[in-house]
Amino acid sequence: MKNLILIISATIILILPINSLAQFDYLDNMINEDEPEESIGIEETTTANEETPNLISIDMIWSANSYVPYDYPGRALAPEGGFVDVDVVMELSGGRPENLEFSWFIDDNFEESKSGYGKTSFRFGIRRMSGATHTVLVKIFNESRSFYLEESITIPVVNLEVIIYPSPKNKNFSEQAKKNIVVTDNKEFFLVAKPFYFSAQKPTELSYRWDFSDKEAITSSDYGANILKVILPEKFSGTMNKSIFVLAANNKNSIQKAYKNLRIEIQATQSQ
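Keep in mind that what you see is a predicted model, and the values were worked out from it rather than measured.

About the criteria used
- Residues numbered from 1 in each chain as written.
- Predicted model: local features only at pLDDT ≥ 70, side-chain atom pairs only at ≥ 80, totals over all residues.
- Heavy atoms only, no water.
- Phe/Tyr/Trp six-rings, centres within 6.5 Å; stacked < 30°, edge-to-face > 60°.
- Lys NZ or Arg CZ within 6 Å of the ring centre and 35° of its normal.
- Salt bridge = Lys/Arg side-chain N within 4 Å of Asp/Glu carboxyl O.
- Helix = DSSP H or I, 4+ residues; strand = E, 2+ residues; numbered from the N terminus.
- Buried < 20%, exposed > 50% of the residue type's maximum accessible area, 1.4 Å probe, protein only.
- Pairing = 2+ DSSP bridges.
- Axes fitted to C-alpha atoms, helices over the stretch in contact; angles between N-to-C directions.
- Contact = heavy atoms within 4.5 Å.
- pLDDT = per-residue confidence, 0-100.
- Polar contact = N/O pair within 3.5 Å; in protein donor to acceptor, adjacent residues only side chain to side chain.

Quick word on the packing of aromatic side chains
Next up, step 1: Under the counting rule described, the total for this entry stands at 7 aromatic pairs.
Next up, step 2: Above the face of the Trp62 ring, Arg75 is positioned so that its terminal group lies 3.8 Å from the ring centre.
Next up, step 3: The residue whose ring lies beneath Arg145 is Phe141, and the NZ or CZ to ring-centre distance is 3.8 Å.

Below you can see the structure in the form of structure tokens.
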């Protein structure tokens, strides 16, 4: 693994390892003029014979294609610029969802191209800013309208987030994030930036820019770029106060960015 190394005077070394109408069937047979005319029966297929389904249960579920840390216990939410999939889960008696027509609406706008028979799923792109909501409505019916119902669901649009966690033990361990971090160590510690809700499927689709006080920024999108290793100088003692800033950006979606900054107090465990 490649590493980016930044040496800071007096000094901290930063190492950065480089989500019916009735249908009629007409007979086309010619009638023999030599035979007496007979009434010709016309076979009629009507919706009167259509089997009317009975609803047992229905549910609407949605999922966002956003990235969250692997150890995050909550759900992936929908960010600005992301996509959402909505599904109708139905249990019927006397019918099948494939024989029903699904008309999809988003915020009262009919989505004709995504509607039709058996269209139990609906995918759409977030069109509003964070803090707003989208309302998805589906109308479900059969040809004769003897079966008809509506269901809707409201989906919140959230802010992208990046949160810095201190990891004094190792890069796989993190404490609860705080506004201000106090680190007590005489050798090294890790800072971990965890992104939330970006439209990404893997960590390397995001890039990170780290700024540590007034030193030159480090930018990378390599695997592990969200982890910053800080090595204290050999003769460090006492306390240092530093500011840390991290910017996370989606490499495939320029509008998706989030940043975090905070103060870090570094305390040496012993004089050297």
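Thoughts on the pattern of salt bridges
Next up, step 1: Following the criterion strictly, the structure yields 7 salt bridges and no others.
Next up, step 2: Between Asp85 and Arg123 there is a salt bridge, with its nearest N and O atoms 2.9 Å apart. With Asp85 in strand E7 (residues 83-93) and Arg123 in strand E11 (residues 121-125), the pair connects residues that are 38 residues apart, well separated along the chain.
Next up, step 3: Using a relative accessible area of 24% as the deciding quantity, one classes Asp85 as partly exposed.

As for the sheet that holds strand E5 (residues 54-64)
Next up, step 1: On the basis of which strands lie adjacent, the open sheet formed by 3 strands has the order E5-E7-E11 and antiparallel pairing. What marks the edges here is a single partner per strand, and that holds for E5 and E11. Sheet twist, expressed as the mean angle between neighbouring strand axes with direction ignored, is 15°.
Next up, step 2: Sheet topology note: the E7/E11 ladder contains 5 bridges and is antiparallel. Paired with Val84 across the strands is Phe124, a residue of E11.

Here we look at unusual backbone geometry
Next up, step 1: In this structure, Arg145 is a non-glycine residue whose phi angle is positive, near 65°.
Next up, step 2: Although it is not a glycine, Tyr197 sits at a positive phi angle of roughly 80°.
Next up, step 3: Within the secondary structure, Tyr197 is located in the loop between strand E16 (188-196) and strand E17 (206-212).
Next up, step 4: Look at Tyr197 and you get buried, because its relative accessible area is 5%.

Re the pairing of strand E12 (residues 133-141)
Next up, step 1: Examined bridge by bridge, strand E8 (residues 101-106) and E12 share 6 bridges and lie antiparallel to one another. In the strand pairing of E12, Phe105 is matched with Leu137.
Next up, step 2: Sheet analysis places E12 next to strand E13 (residues 148-158), joined by 9 bridges and oriented antiparallel. Looking at E13, one finds that Thr133 is bridged to Pro156.
Next up, step 3: A loop of 6 residues connects E12 with E13, the two strands running antiparallel in sequence, and Arg145 in this loop sits at a positive phi of about 65°.

With respect to the environment of Ile58
Next up, step 1: Positionally, Ile58 belongs in strand E5.
Next up, step 2: For Ile58, a relative accessible area of 22% corresponds to the partly exposed category.
Next up, step 3: Here the alpha-carbon distance between Ile58 and Leu92, two residues 34 residues apart in the chain, equals 8.7 Å.
Next up, step 4: Contacts of Ile58, omitting those with residues within four sequence positions, involve Val88, Val89, Met90, Ile140, Leu149 and Glu151.

Observations concerning the pairing of strand E21 (residues 257-267)
Next up, step 1: With 11 bridges connecting them, strand E20 (residues 239-250) and E21 associate as antiparallel partners. Residue Asn241 lies in a different strand from E21, and its bridge partner there is Glu265.
Next up, step 2: Linking E20 back to E21 in an antiparallel pair, the connection comprises 6 residues.

Comments concerning the confidence of the model for the protein chain
Next up, step 1: Taken over all residues, the pLDDT of the protein chain has a mean of 78, while the share at 70 or more is 71%.
Next up, step 2: Here residues 17-48 scores under 50 on pLDDT; set against residues more than four positions off or in separate chains, the count is 45 contacts.

Here we look at the side chain of Ser220
Next up, step 1: Mapped onto the fold, Ser220 is located in strand E18 (residues 218-220).
Next up, step 2: Polar contacts involving the side chain of Ser220 include one to the main-chain amide nitrogen of Asp222, which spans 3.1 Å.

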